[in-house]
Amino acid sequence: MATRYIAGRVLAVVPVLFIVSVVVSLMVHLTPGDPVKVMMGQSGASAEEIEQIRAQLGLDQPLPVQYVRFLKDLATGDLRSIRTHQPVVQQYLELFPNTLQLAVVSLLVAIVIGMLLGVVAATHQNSWLDSFSMAVGFLGVSIPNFWLALVLIYVFAVSLNWLPATGAGGPKLLILPATVLAMEQVALIARLIRANMVEVLQEDYIKTARSKGLRERSVQWGHALRNAMLPTITLMGLNFGYLLSGAIIVETVFARPGIGRLIVDAILNKDFPVVQGAVLLTATVYLFVNLLTDISYSLIDPRIRY
Amino acid sequence: MSGEAKSNTFVRAALSGRLSRREMARRAAATGLAFSAIAPLMTSREGSAAAQSEDVTPGGEIVVGLNLEPDNLDPAVTPFAVSHWVMMNIYDTLVWRANDGTFHPGLAERWEPSEDGTVYTFELREGVNFHDGTPFNAEAVKFTFDHIVDPESKSGFASSLLGPYDHTEVVDERTAKVFFKEPYAPFLDSASQAFLAIVSPTAVQKDREAYLRNPVGTGFMKFDEWVQNDHITLSRNPDYDWAPPIFEHAGPAYLDKVTFRFYTDTPTRLAALEAGDANLIETPPYHEIQRLSDDAKFEVNEVLNPGLPVVLFLDTAKAPTDDLAVRQALNFALDRELIVSQGMFGVTRPAYGPLWESTPYYSAEVETMYPYDAEKAKQLLDAAGWVPGSDGIREKDSQRLTVSIASTDFINPFREISQALWSEVGIELQVNTMTVAAAFEAIGNDEVNTTAQAWVSSDPVVLTNLFHSKNIEGGFAWSKYSDKRLDELLESGESTIDEEERASIYAEIQKIIMENALIIPYFGNPETTIAYESRYQGVKQDFRNYLWLYDAHLNPSA
């Protein structure tokens, strides 16, 4: 039963990806800008040279022809960046682990902090703890992430010299970027958990658990939270896509290699193959993450069956 | 032979590197030129090359923070200046251009242009090998140039530097003759740039796609690895046993390793320097340069690029910049000193023409053509029928005097000040913010009146791509100005070998461009200013301000 559900979901990915590829291709081709001119605009070239290179790259062909060529190159593994001639899929796969690392770690950090704040707020509803927890969340959302990133770099890397400022690699290099990325999500998670917990705590089965003699902590965390978490999981699944792309600013400021930077640079340079290829791959990842999210419901809530 | 012709022949011979010191002194006296004036022309092969500084301990590493990642390291293929920064360590060029503009031996020990300037004969250095063991010889030179013009290479920049290249003849192992279809004056300058550096034929022929990211040259650094979006590392070539004579020492480089990292975000780049993630960075934020200079921990090399300075191009095909009076008024109303001191924090100097003053054949005549004179601007506009409206902005035939600009990040430092200065004389600046790619498109399609540009070039031939009418459609001649005389001058400037003649051709070109106010020059381009930890010494920048690390070493007392 579950397998049929999963199989159906997996098949549904194909038409979605097709639509994504068409939309992205249209968007990136129809917005103003010529990749060859951007490349040559740094040092200079004559009109003749520019036209020559455009022809060599097949950029003077009509849009549908270029789209078909894109699909063909993607299928044969020969999709190459206009700017660097490097294979797009390979580049993407090399960079993806960095972004994934950042996304996962920041998500975990956000969940831990968000849960703490949310539970504390819900169980001390309307007290000062409640307000304080929510305030911390709001702070995280309101502070611009590039500003926070630079401040953290200056405090921890430049002044105190505790942590490296830039790059990717081991855990030390993840601390600051993950913190910045996590801050934005904490408010959302905390709020959601608080709201759901408050609701759940009114339920009968909570009263039952308490009258059974369970410790309060067990009631809150074991029973109430588990039920309250479902909507949060949905949110985090949806948020994952944001994380993958929102990492752009964090990746740029911390000079971390990653797909966020890859895509943004490609957009600015009008590097069509990279934009189309990378967005398609990211969409695929996103679709599967959401599939996993949905499947995980049945693990958390046995009432949910597919 | 007339005195003028004599000195021309002498200068040509001196530049060719054939004359010994004694010969040069003798001929200088014969032509009446002061010896001291031509002393820089001397090839100092007998001089400092062999001497190794005693108090330099080899060793150490340096991390260089670039503001962009190169696309690839094949000199024939990449059009980017940032690639040049990396390639200069891996490759050698046939000749070197010293910071005073003179040419010196590199992989070529001697060179001789033919009388008509269409053939260059190079005598090559012996005993040099590529990093993969392939011997360097005339065959490699031929391969390199043919590789550039090979359509498979899809060469952008290098092929334009080669100009009307025809073919190369391998006379023998040590001698190569390069043939051009027409005389090509910028050739030596091109040959001194890493874009024409000599590549290993073996490596390229083995796998040209892989070569893009696995360069093999003869240079003082070997390529180690390139991790996308993160870094490029080079390590010392222990077999480098010579050096172009203009360097301070010979033999292997001092540094063990050079790592290039990429920081596109300017505040991040600065933070990297201050946190020690990078030891040297390109383009620090301009408002921080003073602070960095004053700090004993850092050194700052403030340099301004030869070539096209930071200018705004004025589209003569779109109103109101189709009106000469408007274009001239825009120039007169600009207080360049103010912009340099307020907008650019004093890190540069005003520019008055299409070439920066350090570019060969720069004509100082342009400096007096448009002094800051708001009154003059107003007079010109009045005379042309632009009458101040109720809000101060002028009008003519019920058209507002509105100049639209495609504004990019590059323009931010001087946009507001310009806007304010121009509104004082009744010109309105309409700002349209967009990406660089969109800006190129906008001015190409005459959707805006102006946008900015700046190009590094050590030869005035760059003006052809910017002002010849054949480059209006689909090219970078954004002024859209078509004039037969200008076109002719640009063409002959490229093919005139005689130095004096060339100078007067380009002087006239610069005059025509400014008389017609095809651009608004702003200031010299300080983008390649570097800031680095002062424990590194011997860090230099070449004629085009590219980073030169051969003599770089750590201060022994650091």
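Residues numbered from 1 in each chain as written. Chains lettered and ligands numbered in written order. Predicted model: local features only at pLDDT ≥ 70, side-chain atom pairs only at ≥ 80, totals over all residues. Heavy atoms only, no water.

**Here's the deal with the overall build of chain B**
Of regular secondary structure, chain B possesses 19 helices and 25 strands. The long-range fraction of contacts in chain B, counting pairs at least 24 apart against all pairs at least 6 apart in sequence, stands at 69%. In the structure as shown, chain B presents an accessible area of about 20,100 Å², 47% of it carried by carbon and sulfur atoms. (Helix = DSSP H or I, 4+ residues; strand = E, 2+ residues; numbered from the N terminus. Contact = heavy atoms within 4.5 Å. Areas by Shrake-Rupley, 256 points an atom, 1.4 Å probe, with all protein chains shown as cover.)

**Description of the overall build of chain A**
Secondary structure summary: chain A contains 12 helices and zero strands in total. Counting from the amino terminus, helix and strand elements in chain A follow one another as α-α-α-α-α-α-α-α-α-α-α-α. A total of 306 residues make up chain A; the buried ones form 50% of that total. Within the structure as shown, chain A displays about 14,600 Å² of accessible surface, and the carbon and sulfur contribution to it stands at 69%. Both charge centroids of chain A, one from 22 positive and one from 19 negative side chains, sit 11 Å from each other. (Buried < 20%, exposed > 50% of the residue type's maximum accessible area, 1.4 Å probe, protein only. Lys, Arg positive; Asp, Glu negative; His and termini not counted. Charge placed at Lys NZ, Arg CZ, Asp CG, Glu CD.)

**Considering the pattern of salt bridges**
Residue and element names in this part refer to chain B. Under the counting rule described, the total for this entry stands at 32 salt bridges over all chains. The salt bridge involving Glu-416 is made with Arg-415; its shortest N-O contact spans 3.7 Å. One connected set of salt bridges, linked through shared partners, spans Arg-97, Asp-189, Asp-542 and Arg-544. (Salt bridge = Lys/Arg side-chain N within 4 Å of Asp/Glu carboxyl O.)

**Examining the packing of helix 5 (residues 88-123) of chain A against helix 8 (residues 172-201) of chain A**
In the contact formed by helix 5 of chain A and helix 8 of chain A, the axes pass within 5 Å of each other and the chain directions differ by 35°. Both helix 5 of chain A and helix 8 of chain A take part in a crossing whose hand is right-handed. (Axes fitted to C-alpha atoms, helices over the stretch in contact; angles between N-to-C directions. Left-handed = near helix turned anticlockwise from the far one by under 90°.)

**Looking at the confidence of the model for chain B**
Summary statistics for chain B give a mean pLDDT of 89 and a share of 90% for residues scoring 70 or more. Within the model, the stretch residues 28-52 of chain B combines pLDDT values under 50 with 46 contacts to residues more than four positions away or in other chains. (pLDDT = per-residue confidence, 0-100.)

**Focus: the confidence of the model for chain A**
Model confidence for chain A is summarised by a mean pLDDT of 85, while 98% of its residues fall at 70 or above. The spread of mean pLDDT over the elements of chain A runs between helix 10 (residues 216-253) of chain A, the lowest at 78, and helix 4 (residues 63-76) of chain A, the highest at 91.

**Quick look at the interface of chain A and chain B**
Listed by partner, the interface residues are 47 residues for chain A and 47 residues for chain B. Of the roughly 4,000 Å² buried where chain A meets chain B, counting both sides, 56% is carbon and sulfur surface. For chain A, the biggest contributors to the area lost against chain B are A:Lys37, A:Ser43 and A:Arg83; these three give 15% of the whole. Put simply, A:Arg80 and B:Glu209 hold a salt bridge, and the shortest N to O gap is 3.4 Å. (Buried area = accessible area lost by both parts, 1.4 Å probe.)

**Comments concerning unusual backbone geometry**
Residue B:Ala319 is joined to B:Pro320 through a cis peptide bond whose omega torsion reads -5°. Positive phi values are uncommon outside glycine, yet A:His85 reaches one of about 60°. Summarising the element assignment, A:His85 is placed in the loop between helix 4 and helix 5. Of the residues examined, A:His85 reaches a relative accessible area of 15% and is grouped as buried. Despite not being glycine, B:Ser398 has its phi angle at roughly 55°, a positive value. Relative to the elements of secondary structure, B:Ser398 occurs in the loop between strand 15 (394-396) and strand 16 (399-400).

**A closer look at the sheet that holds strand 7 (residues 175-180) of chain B**
Residue and element names in this part refer to chain B. A sheet is described by the order of its strands in space; here four strands give the open sequence 4-5-7-6, paired in antiparallel fashion. Since the sheet does not close on itself, it has two edges, and those belong to strand 4 (108-113) and strand 6 (165-172), each with one partner. If you compare each strand with its neighbour and ignore which way they point, the axes differ by 20° on average. As defined by bridge partners, strand 4 adjoins strand 5 (residues 119-124) across five bridges and the pair is classed as antiparallel. Across the sheet, Glu-112 pairs through a bridge with Thr-121, a residue of strand 5. Where helix 5 (residues 138-149) meets the sheet, its contacts fall on strand 5, strand 6 and strand 7, and the angle it forms with strand 6 comes to roughly 165°. (Pairing = 2+ DSSP bridges.)

**Considering a nonpolar patch on the surface**
All names here are of chain A. A surface patch of nonpolar side chains, about 670 Å² in accessible area, is lined by Phe-146, Trp-147, Val-151, Val-155, Leu-160, Trp-162 and Ile-249. A per-element tally of the nonpolar patch places helix 7 (residues 145-159) first, with four residues. Along the polypeptide, Leu-160 turns up in the loop between helix 7 and helix 8. Residue Leu-160 is classed as partly exposed on the basis of its relative accessible area of 40%. (Patch = residues over 30% accessible without salt bridge, like charges linked within 9 Å, V, L, I, M, F, W, Y side chains within 5 Å.)

**Overview of the sheet that holds strand 9 (residues 231-236) of chain B**
Residues and elements named next belong to chain B. Reading across the sheet, the seven strands line up as 8-9-10-1-11-21-12 and stay open at both edges, with mixed pairing between neighbours. The open sheet has two free edges, formed respectively by strand 8 (221-227) and strand 12 (298-301), since each of these has just one partner strand. Each neighbouring strand pair of the sheet contributes to a mean axis angle of 20°, computed without reference to strand direction. One ladder, built from six bridges, connects strand 8 with strand 9; its direction is antiparallel. Residue pairing in the sheet places Val-227 in a bridge with His-231 of strand 9. Of the strands in this sheet, strand 1 (61-66), strand 8, strand 9, strand 10 (257-262), strand 11 (280-282) and strand 21 (530-533) touch helix 4 (residues 81-90), which is tilted by about 20° from strand 9.

**Digging into the packing of aromatic side chains**
All names here are of chain B. One pass over the structure, following the stated rule, counts 33 aromatic pairs over all chains. Seen from their ring centres, Tyr-120 and Phe-180 are 6.1 Å apart, and the 80° between their planes marks the pair as edge-to-face. With a gap of 60 residues between them, Tyr-120 in strand 5 and Phe-180 in strand 7 connect regions that are remote in the sequence. Taking the centre distance of 4.7 Å and the plane angle of 65° together, the rings of Phe-180 and Phe-187 count as edge-to-face. Lying across the ring of Trp-226, Arg-213 places its NZ or CZ 3.8 Å from the centre. In this structure, Lys-540 is placed above the aromatic ring of Trp-548, and the distance from its NZ or CZ to the ring centre is 5.8 Å. (Phe/Tyr/Trp six-rings, centres within 6.5 Å; stacked < 30°, edge-to-face > 60°. Lys NZ or Arg CZ within 6 Å of the ring centre and 35° of its normal.)

**A word on helix 15 (residues 412-424) of chain B**
All names here are of chain B. Within the sequence span of helix 15, burial applies to Phe-414, Arg-415, Ser-418, Leu-421 and Trp-422. At its buried positions, helix 15 is contacted by strand 13 (307-314), helix 12 (324-332), helix 13 (336-343), strand 17 (402-407), strand 18 (428-433) and strand 20 (519-523). Count one or two residues on from helix 15 and you reach Gly-426, which has phi positive near 95°.

**Examining the packing of helix 7 of chain A against helix 8 of chain A**
Residues and elements named next belong to chain A. Their axes nearest at 10 Å, the elements helix 7 and helix 8 cross at an angle of 145°. Our pair here, helix 7 against helix 8, has a crossing hand that is right-handed. Along its contact with helix 7, which presents Asn-145, Leu-148, Ala-149, Leu-152, Ile-153 and Phe-156, the element helix 8 presents Leu-176, Thr-179, Val-180, Met-183 and Glu-184. Looking at the contact of helix 7 with helix 8, its residues break down into eight nonpolar, two polar and one charged. (Nonpolar A, V, L, I, M, F, W, Y, C, P; charged D, E, K, R; others polar.)

**Focus on the environment of B:Ser534**
Residues and elements named next belong to chain B. Positionally, Ser-534 belongs in the loop between strand 21 and strand 22 (536-537). Distance from Ser-534 to Ala-272, taken between C-alpha atoms, is 15 Å for residues 262 residues apart in sequence. When neighbours within four sequence positions are excluded, Ser-534 is seen to be in contact with Ala-296, Lys-297, Phe-298 and Glu-299.

**Description of helix 13 of chain B**
Residue and element names in this part refer to chain B. Of all the residues in helix 13, the buried ones are Arg-336, Ile-339, Val-340 and Gly-343. Considered in projection along helix 13, the buried side chains sweep an arc of 105° and stay on one side of the axis. Where helix 13 is buried, its residues meet helix 12, helix 15 and strand 20. Of the residues flanking the end of helix 13, it is Phe-345, one or two places downstream, whose phi is positive at about 55°. (Arc of directions from axis to C-beta.)

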